[in-house]
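Per-entry structural report
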Amino acid sequence: MTIRAEAEPAFIRLLQQVLDGSELATGQLVRTYGPCVARTVRRKLDRQMRGKFDSDDFTQVVWADFFAHPSRWADFRHPKQLTALLQRMARNKVVDEHRRRMT
């Protein structure tokens, strides 16, 4: 799989390196965008769930799902696209767990 290099060259290079299996690039991606995921998780966790779940657990689940499906992000050309996907994934993970707890 190859990423189209049009908009943000450094971002495109980073994603391509991740796709190519670079552990350094993967670490950089997680360090750079991880705080965004963690903030979103913390914002969505209500008080009841905070006592039962660690926000790091949700963050790890988001990253695991992200890396398991590179077809979702292989065509990204801008960091904002990645940020939006990660935030949506984080919100959905927390909401899904909240729904499971409510039923």
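Before reading on, note that the structure itself is shown above.
Read on for a plain summary of the structure. Keep in mind that what you see is a predicted model, and the values were worked out from it rather than measured. (Residues numbered from 1 in each chain as written. Predicted model: local features only at pLDDT ≥ 70, side-chain atom pairs only at ≥ 80, totals over all residues. Heavy atoms only, no water.)

**What about the overall build of the chain?**
Basically, it comes down to this: To qualify as a helix, a DSSP run of H or I must reach at least 4 residues; to qualify as a strand, a run of E must reach at least 2; elements of each kind are numbered from the N terminus. Throughout, exposure labels follow a simple rule: accessible area from a 1.4 Å probe, protein chains only, divided by the maximum for the residue type, with under 20% read as buried, over 50% as exposed, and the rest as partly exposed. Working rule for contacts: check all heavy atoms of both residues, and any pair within 4.5 Å makes them a contact. Exposure was quantified through the Shrake-Rupley algorithm and a 1.4 Å probe, taking into account, for residues, occlusion by the shown protein chains and nothing else. Under this rule, positive means Lys or Arg and negative means Asp or Glu; His and the chain ends count for nothing. All charge positions are set by atom: Lys at NZ, Arg at CZ, Asp at CG, Glu at CD.
In terms of regular secondary structure, the chain is built from five helices and zero strands. Evaluated residue by residue, the chain yields a buried proportion of 35% over its 103 residues. Of the contacts made within the chain by residues no fewer than 6 positions apart, 63% connect residues no fewer than 24 positions apart. Roughly 6,500 Å² of accessible area belongs to the chain as shown, and the carbon and sulfur atoms make up 48% of that amount. Here the chain carries 19 positive and 12 negative side-chain charges, and the mean point of each set is 7 Å from the other.

**Focus: the nonpolar core**
What counts here: What we call a nonpolar core is a set of buried Ala, Val, Leu, Ile, Met, Phe, Trp, Tyr and Cys residues that are connected through their side-chain atoms within 4.5 Å.
Formed by 25 residues in total, the largest nonpolar core has its most connected members in Leu-29, Phe-66, Leu-82 and Leu-86. Secondary structure elements with two or more residues in this core: α1 (9-19), α2 (23-44), α4 (55-68) and α5 (79-102). With six residues, α5 is the single largest residue contributor to this core. Not counting residues up to four positions away in its chain, the partners in contact with Leu-29 are Leu-14, Leu-15, Val-18, Gly-34, Trp-63, Phe-66, Phe-67 and Leu-82.

**Description of the packing of aromatic side chains**
For clarity, the cut-off: Ring geometry is summarised as follows: Phe, Tyr and Trp rings, the Trp one being its six-membered ring, pair when their centres sit within 6.5 Å, and such pairs are stacked at plane angles under 30 degrees, edge-to-face over 60 and tilted between the two.
One pass over the structure, following the stated rule, counts five aromatic pairs. For the ring pair Trp-63 and Phe-66, a centre distance of 5.5 Å and an interplane angle of 90° mean the geometry is edge-to-face. Taken as a pair, Trp-63 and Phe-66 lie in helix α4 at a separation of three residues, close to a single helical turn. Relative accessible area serves as the criterion here: at 7%, Trp-63 is assigned to the buried category. What makes Phe-66 buried here is its relative accessible area of 1%.

**Side note on the pattern of salt bridges**
Our working definition: The working definition used for a salt bridge is a side-chain nitrogen of Lys or Arg within 4 Å of a carboxyl oxygen of Asp or Glu.
One pass over the full model with this rule turns up four salt bridges. Here Arg-72 and Asp-65 are joined by a salt bridge, their closest N and O atoms 3.2 Å apart. With relative accessibility at 38%, the residue Arg-72 sits in the partly exposed group. Lys-93 is the salt-bridge partner of Asp-65, the closest N and O atoms lying 3.3 Å from each other. Here the residue Asp-65 occupies a position in helix α4, and Lys-93 occupies one in helix α5, the gap between them amounting to 28 residues. Each of the salt bridges in this network shares a partner with another, and the network as a whole consists of Asp-65, Arg-72 and Lys-93.

**Some words on the environment of Asp-96**
With respect to the helices and strands, Asp-96 occurs in helix α5. Sequence separation between Asp-96 and Asp-56 is 40 residues, and the spatial gap between their C-alpha atoms is 16 Å.

**Section: the side chain of Thr-40**
Basically, it comes down to this: Throughout this description, a polar contact denotes any pair of N or O atoms lying within 3.5 Å of each other; where both atoms belong to protein, one of them has to be capable of donating a hydrogen while the other can accept it, and for residues adjacent in sequence the pair is counted only when both atoms sit in side chains.
Mapped onto the fold, Thr-40 is located in helix α2. When its relative accessible area of 3% is taken as the criterion, Thr-40 is described as buried. A distance of 3.0 Å separates a polar atom in the side chain of Thr-40 from the backbone oxygen of Cys-36.

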